[in-house]
Amino acid sequence: MKILIYDDDKNDIKQLLTCINHYFNQKNLDYIIKICTSTQELFNIIKDYDILFLDIQIKNTNGIDIGLKLNNIYHECRIIIVSNYSKYAIEGYKIHADRYFLKPISQEVFNIEMENIVEKYLKKYLGFYDEKIANKKIHYNDILYVEVLNRKTYIHTLTTEIYPTPYTLKYWYQKLHKYGFSYSHQSFIVNLEHISAFGKNEIYLITDETIPLSRNCKHTLEIEFTKYLQGVF
C-alpha cells in the first residue's frame, strides 16, 4: 500500500508516522510512505498512491480547495483529512473524504478508523503486477474467474479482458484464495464477490456469464460463500 502525506508541520508528521507505522506493522501489511509539501507534486503523483493524508491547512493553501481539484482528476486514492480544527469536518464531505482525523491523533482512534479503510482497499484496490501477463496492475476485485483451457490458465475480468498466464490453476488458487476465491470446478476458480446465484451444475455471475459447478466442489464452495457474505472468510 502506497501512502502519501501532505503536511508541512514536522511534529504533526512525526506523530502521524508513529500511528501509521504502528498500525501497519501490527497488521503485517506492506506499505511505503512519501511526504509531500508541494501542491504541484501532489497533483503529479496522486495517481500512484492508495491513501492520502491531507492536512487541511498547509502554507497558504486550503486542503478543501485541493481536495475539490483532486476530484476532477481520475485517481483511486482514498483521502483522509487531518486537521487541528473540528470546524472543517463537514466540509470534508465536499471532497468525498473517507475519514476526518483531529490532531493530535490517538493510536486507538487511528486503528479503529483505519480498519474500514484498509478493508475497502484490500477488497477493491489490491492487486498484483506481473509482466508475463500484462503491462498494468490487475486488481483482485476485477477478476471474475480463472480457468484452465488446453493446459493454459486464463484470467477473465469484469471488463471482458482475458489474460493468458503461464501458471497453473493451483498457483492461482494459492495466490487468490485469501482474497475470496474458491474452486467451483477442477478447472475453475471463481471470485466469490461476483457470484449472483447457484444452479444445479453451474454458477451465475453478475455479468450474466455461467461457469461450471462440480459436485465435488459444491459443498465447500457454498460454505465459503456463506462465510464470505458474513465477513468471516
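Here, the structure is the one placed above.
This report concerns the structure included in the present document. (Residues numbered from 1 in each chain as written. Predicted model: local features only at pLDDT ≥ 70, side-chain atom pairs only at ≥ 80, totals over all residues. Heavy atoms only, no water.)

Strands sit in the order S15-S16-S17 across an open sheet of three strands; the sheet is antiparallel. The open sheet has two edge strands, strand S15 (195-198) and strand S17 (210-212), and neither has a second partner. The average undirected angle you get between the axes of adjacent strands in this sheet is 30°. In this structure, S15 lies alongside strand S16 (residues 202-205), joined through three bridges in antiparallel fashion. Counted as the bridge partner of Ala-197 is Tyr-204 from S16. (Pairing = 2+ DSSP bridges. Helix = DSSP H or I, 4+ residues; strand = E, 2+ residues; numbered from the N terminus. Axes fitted to C-alpha atoms, helices over the stretch in contact; angles between N-to-C directions.)

For the rest of this paragraph, the subject is unusual backbone geometry. In the segment running from Lys-103 into Pro-104, the intervening peptide bond is cis, with an omega of -10°. By secondary structure assignment, the location of Pro-104 is in the loop between strand S7 (99-102) and helix H4 (107-124). Not every positive phi belongs to a glycine, and Arg-151 is a case in point at roughly 70°. Positive phi, close to 75°, is recorded for Asp-208, a residue that is not glycine. Positionally, Asp-208 belongs in the loop between S16 and S17. The exposure class assigned to Asp-208 is exposed, which follows from its relative accessible area of 72%. (Buried < 20%, exposed > 50% of the residue type's maximum accessible area, 1.4 Å probe, protein only.)

Across soluble globular proteins, you tend to see nonpolar side chains buried next to one another. Counting residues in hydrophobic clusters, the biggest one holds 36 residues, and the most contacted among them are Phe-53, Phe-110, Met-114 and Trp-172. Those elements that provide at least two residues to this core are strand S1 (2-6), helix H1 (10-26), strand S3 (51-55), strand S6 (78-83), H4, strand S10 (143-149) and helix H5 (169-176). With residues near it in sequence (within four places) discarded, Phe-110 still touches Leu-16, Cys-19, Ile-20, Tyr-23, Phe-53, Phe-101 and Ile-105. Counting residues in hydrophobic clusters, the runner-up holds 18 residues, among them Tyr-6, Leu-52, Cys-77 and Ile-95. (Core = buried A, V, L, I, M, F, W, Y, C linked by side-chain atoms within 4.5 Å. Contact = heavy atoms within 4.5 Å.)

Here H1 is 17 residues long and its end C-alpha atoms lie 24 Å apart, about the 24 Å a rise of 1.5 Å per residue gives. Residues of H1 that are buried: Ile-13, Leu-16, Cys-19, Ile-20, Tyr-23 and Phe-24. Viewed end-on, H1 has its buried residues packed into an arc of 130°, placing them on one side of the element. Opposite the packed face of H1, turned more than 90 degrees from it, sit the exposed residues Lys-10, Asn-11, Lys-14, Asn-25 and Gln-26. Where H1 is buried, its residues touch S1, strand S2 (32-36), S3 and H4. (Expected span 1.5 Å × (residues − 1). Arc of directions from axis to C-beta.)

Given two aromatic rings, one states the distance between the centres and the angle between the planes to describe the pair. Scanning the model with the defined rule gives 14 aromatic pairs in all. Aromatic side chains Phe-128 and Tyr-140 sit 5.8 Å apart centroid to centroid with 35° between the ring planes, which places their arrangement in the tilted category. With Phe-128 in strand S8 (residues 127-128) and Tyr-140 in the loop between strand S9 (138-139) and S10, this residue pair connects regions lying twelve residues apart in the sequence. Overall, Phe-128 belongs to the buried group, its relative accessible area being 6%. Consider the rings of Tyr-167 and Trp-172, whose centres lie 5.8 Å apart with planes at 75°: the pair is edge-to-face. For Trp-172, a relative accessible area of 0% puts it in the buried group. Taken together, Tyr-23, Phe-24, Tyr-31, Phe-53, Phe-101 and Phe-110 form an aromatic cluster joined through their ring pairs. When the ring centre of Tyr-49 is taken as origin, the NZ or CZ atom of Lys-2, which lies over that ring, is 5.0 Å away. Its end group placed over the ring of Phe-128, Lys-175 keeps NZ or CZ at 4.9 Å from the ring centre. (Phe/Tyr/Trp six-rings, centres within 6.5 Å; stacked < 30°, edge-to-face > 60°. Lys NZ or Arg CZ within 6 Å of the ring centre and 35° of its normal.)

Interpretation note: all reported values are geometric properties and have no functional meaning in isolation.
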